[in-house]
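One letter stands for each residue in the lines below.
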Amino acid sequence: MAPGGPPRLSRREPERDPSSARTKPRERDRATCSTVVVCNNYSFTGSLNYLPKEEQLANMARDDSNPILAYHETTKHSEISLRTSGHYLDWDNKPSAFKQYKNRPSTALSRQFPHPKEASLKTIKDNRSKPTKNPDLDTMAELLFFSAGLTRKMRFGSQPYYMRAAPATGALYPIEVYIINGDIPQLNAGVYHYNPLDFSLVHLREGDYRSQLSAKSHEAVSSSPVTFALTSLAWRNAWKYEARSYRHWFWDGGVIAANLLATCISEKIWVKLIMGFVDSEVNNLLGLEKHQEAPICMAAIGTGLGTNARSVRPEIPALHPDVEPLSRDQTDYPIMWEANKASELPSADSVKAWQQGYKPRISKLSHSNATFQLRPLKPEDSPSLEQTILRRGSTRRFAQQAITFESLSTIVDAATTCVPLDFLPEGETLTDFYLIANDVQGLPSGSYFFNPGTKSLEQLKTGRLRHMSGYLCLDQPLFSDASVVFFLMADLPHTLACLGPRGYCAAQFEAGVHAGKIYLSSYSVGVGASGSTFYDDAVTEFFSPHAKDKSPMIAVGVGVPSYKARPGRILPQLGQA
Ligand SMILES: Cc1cc2nc3c(=O)[nH]c(=O)nc-3n(C[C@H](O)[C@H](O)[C@H](O)COP(=O)(O)O)c2cc1C
């Protein structure tokens, strides 16, 4: 890609964050200057002096043996990193949003699948519903559609363009979904790839591979009729976000997992998310191409209800499927693959050790300022999950209007419920919720920390912080206009001390699931939401000293949309324009 080529930020770009697409240099300089003034008003009263653990992280990153931290440090956004990025978007080389296998048989999924009818807030909050149902092919179609299906079709010129059930950074959709199943009604045991465009399952392998996979991941795979594997096709997102896109693998996987969890709960299907697996085995089973794509998470679906997997198969032969290229050419970002290599688990023993490695944090979070007890609405009064998922879309403009404290409480209450992840003991989380409240009826404007023990918001700073919430989200006005902006943060030194480099992926992913829950719970209470990226160190500093040990993983703005959006629908996908 020729640096200095014409920036083509245009109507075709669904996400306006300035992190990767160039604007005219003079305009950017002006914006930056005014931003500095704004920041000094609120929190940047001196040099970055709140960051002992951040410094610790930076020092660790300088050590070559810590490629994951080197990655994290290198891909932080700052005003300088944005100003010096020479990246521009080459629209003629934009990767396809669909993985298309050549010459593979496929099974069409029926469009007459059930819809998730349970009250959406119940499904977002609940993670331990009693399992009663064994998934059949139609239920699988439902799970696939409501987590990764196409819900809106637009046109840009002659090109059709699809939006999906879950959000995705830059609408680039790097996540692919695979299925590994035993025999279930209407579908033979095998390994399949989900093609959302023509709503079908592409056949990759015949036979029951669950035992083999279970031995290299988690026993839930063996007793579940079906396991979903989420993988990332790296170039799709790196095209826009370059090396930072490695973080997006987990964000974009996490928001899909949030939809999947809620849909499973609505159907009373038990689900377990698995991040501990031998990467090379999953790569081989799914036929993933090295340094192009990688598995990020699995979901064992219907655990305890399936017939147990048959005994372990011998060696799994390599699979080299023929796949259409994503675009004309690709740029490689080796730092992403070095980070990913560092995070890999090489053996079944290392997987077991990793899954048992987490140590709960010793809470040091006492606070004396004002606290505000949550007052959530009744979950049973919320619309069905089907309605909520189809209504969801990232809000593109917020009216500067208040949301009620009850709405905020409901969102926090639902979105902070624990995620059923293989490495997390019951009731534990890697994610802490911080927020800036710009306009919430019954809550003074300011910044807050959510204390899950007391179910209350603890006030950190008071004051009007709209400039700050927008600034921290890379100066995007959307997040100044939002009523509330959440910053989901993780204690990386603690996480990495327990879980090593894979813990980094886990923290990003878990935050992605919580972000997905914020989206869903916002739409459940009739307000809008949008994910956001951020200036890493500025976020830590703003919430310090409370957050001095923590790094932002993801941000989400919530508020009243300034327009009425058309809901999505179950598209009659035809696999063509
Ligand atoms: C983790 C995450 C971060 C995002 N960051 C931004 C952002 O910085 N700015 C923005 O305008 N939209 C952001 N988005 C919204 C995406 O652009 C949006 O999801 C995508 O265009 C698909 O549209 P939809 O969510 O309406 O289906 C983000 C979404 C996610 C999931």
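Nothing here was measured: the structure is a model prediction, and the numbers come from that model.

This brings us to the pairing of strand β16 (residues 456–462). Note: strand β10 (residues 371–373) against β16, three bridges, orientation antiparallel. Each residue of the ladder has a partner; that of Q373, found in β16, is S456. Sheet topology note: the strand β15 (residues 446–451)/β16 ladder contains six bridges and is antiparallel. The partner of S447 across the bridge, within β16, is K461. From the end of β15 to the start of β16, which pair antiparallel, there are four residues, and K455 there has a positive phi angle of about 55°.

All right, on to unusual backbone geometry then. Here the residue pair S544 and P545 is connected by a cis peptide bond, since its omega of 10° sits within 30 degrees of zero. When you line up the elements, P545 lands in the loop between α19 (536–542) and β19 (551–561). A positive phi angle, close to 75°, is found at Q186, a residue other than glycine. When you line up the elements, Q186 lands in the loop between β4 (175–181) and β5 (190–195). Its identity is not glycine, yet F199 carries a phi of approximately 50°, on the positive side. Here F199 lies in the loop between β5 and β6 (200–206). F199 sits in the buried class, given 24 other C-beta atoms within 10 Å.

Read across the sheet, seven strands follow the order β1-β6-β5-β4-β7-β9-β8 without closing on themselves; strand pairing throughout is antiparallel. The strands lining the two open edges of the sheet, one partner per strand, are β1 (106–108) and β8 (271–274). If you compare each strand with its neighbour and ignore which way they point, the axes differ by 25° on average. Pairing of β4 with strand β7 (residues 226–233), which is carried by seven bridges, proceeds in the antiparallel orientation. Along β7, the bridge assignment pairs V177 with L230. Taken strand by strand, helix α6 (residues 137–148) contacts β4, β5, β7 and β9 (293–301), and its axis lies near 165° from that of β4.

Pairing of strand β2 (residues 150–156) with strand β3 (residues 159–164) involves six bridges; the strand directions are antiparallel. When the bridges of β3 are listed, F156 appears paired with Q159. Hairpin geometry of β2 and β3 is characterised by an intervening segment of two residues between the two adjacent antiparallel strands and by a positive phi of about 65° at G157.

The geometry of helix α15 (residues 405–415) relative to helix α18 (residues 492–524) is characterised by a closest axis approach of 8 Å and an angle of 145° between their N-to-C directions. At the point where α15 passes α18, the crossing takes the right-handed sense. Across from T410, I411, A414 and A415 in α15, the residues of α18 making contact are H514, K517, I518, S521 and S522. Here the contact of α15 with α18 is built from residues that sort into four nonpolar, four polar and one charged.

What follows concerns the confidence of the model for the protein. Averaged over the protein, the pLDDT score is 88; the fraction of residues at 70 or greater is 85%. Scored below 50 in pLDDT, residues 1–14 shows 17 contacts in the model against residues more than four places distant or in partner chains. Every residue in residues 22–51 is under pLDDT 50, and counting partners more than four places away or in other chains gives 30 contacts.

Let us look at helix α3 (residues 67–74). Among the eight residues that make up α3, six are buried, leaving the element largely enclosed by the rest of the structure. Here α3 has its buried residues at P67, I68, L69, A70, Y71 and H72.

For helix α11 (residues 279–286), the set of buried residues is D279, E281, V282, L285 and L286. Considered in projection along α11, the buried side chains sweep an arc of 165° and stay on one side of the axis. Against the buried residues of α11 lie β4, β5, α7 (210–215), β7 and β9. Positive phi appears at G287, one or two residues downstream of α11, with a value of about 70°.

By size, the foremost hydrophobic cluster in this structure holds 159 residues, and its most contacted members are C297, A299, L435, V484, V485, F486 and F487. Examining the composition of this core, we find that 15 residues originate from one element, α18, more than from any other. The two domains that each donate at least three residues to this core are domain 1 (92–355) and domain 2 (371–561). Those residues in contact with C297, other than ones at most four positions away along the chain, are L230, G253, A257, L273, I274, M275 and F509.

Attention shifts here to the environment of V255. Topologically, V255 is positioned in helix α10 (residues 245–266). The buried category is assigned to V255, around which 30 C-beta atoms lie within 10 Å. On a C-alpha basis, the gap between V255 and G516 in space is 4.1 Å, while along the polypeptide they are 261 residues apart. Setting aside residues up to four positions removed in sequence, V255 forms contacts with A166, P167, G512, A515, G516 and Y519.

Criteria and cut-off values
- Residues numbered from 1 in each chain as written.
- Predicted model: local features only at pLDDT ≥ 70, side-chain atom pairs only at ≥ 80, totals over all residues.
- Pairing = 2+ DSSP bridges.
- Helix = DSSP H or I, 4+ residues; strand = E, 2+ residues; numbered from the N terminus.
- Buried ≥ 20, exposed ≤ 12 C-beta atoms within 10 Å, placed from the backbone.
- Axes fitted to C-alpha atoms, helices over the stretch in contact; angles between N-to-C directions.
- Contact = placed C-beta atoms within 7 Å.
- Left-handed = near helix turned anticlockwise from the far one by under 90°.
- Nonpolar A, V, L, I, M, F, W, Y, C, P; charged D, E, K, R; others polar.
- pLDDT = per-residue confidence, 0-100.
- Arc of directions from axis to C-beta.
- Core = buried A, V, L, I, M, F, W, Y, C linked by C-beta atoms within 7 Å.
- Domains from an automatic or database assignment.

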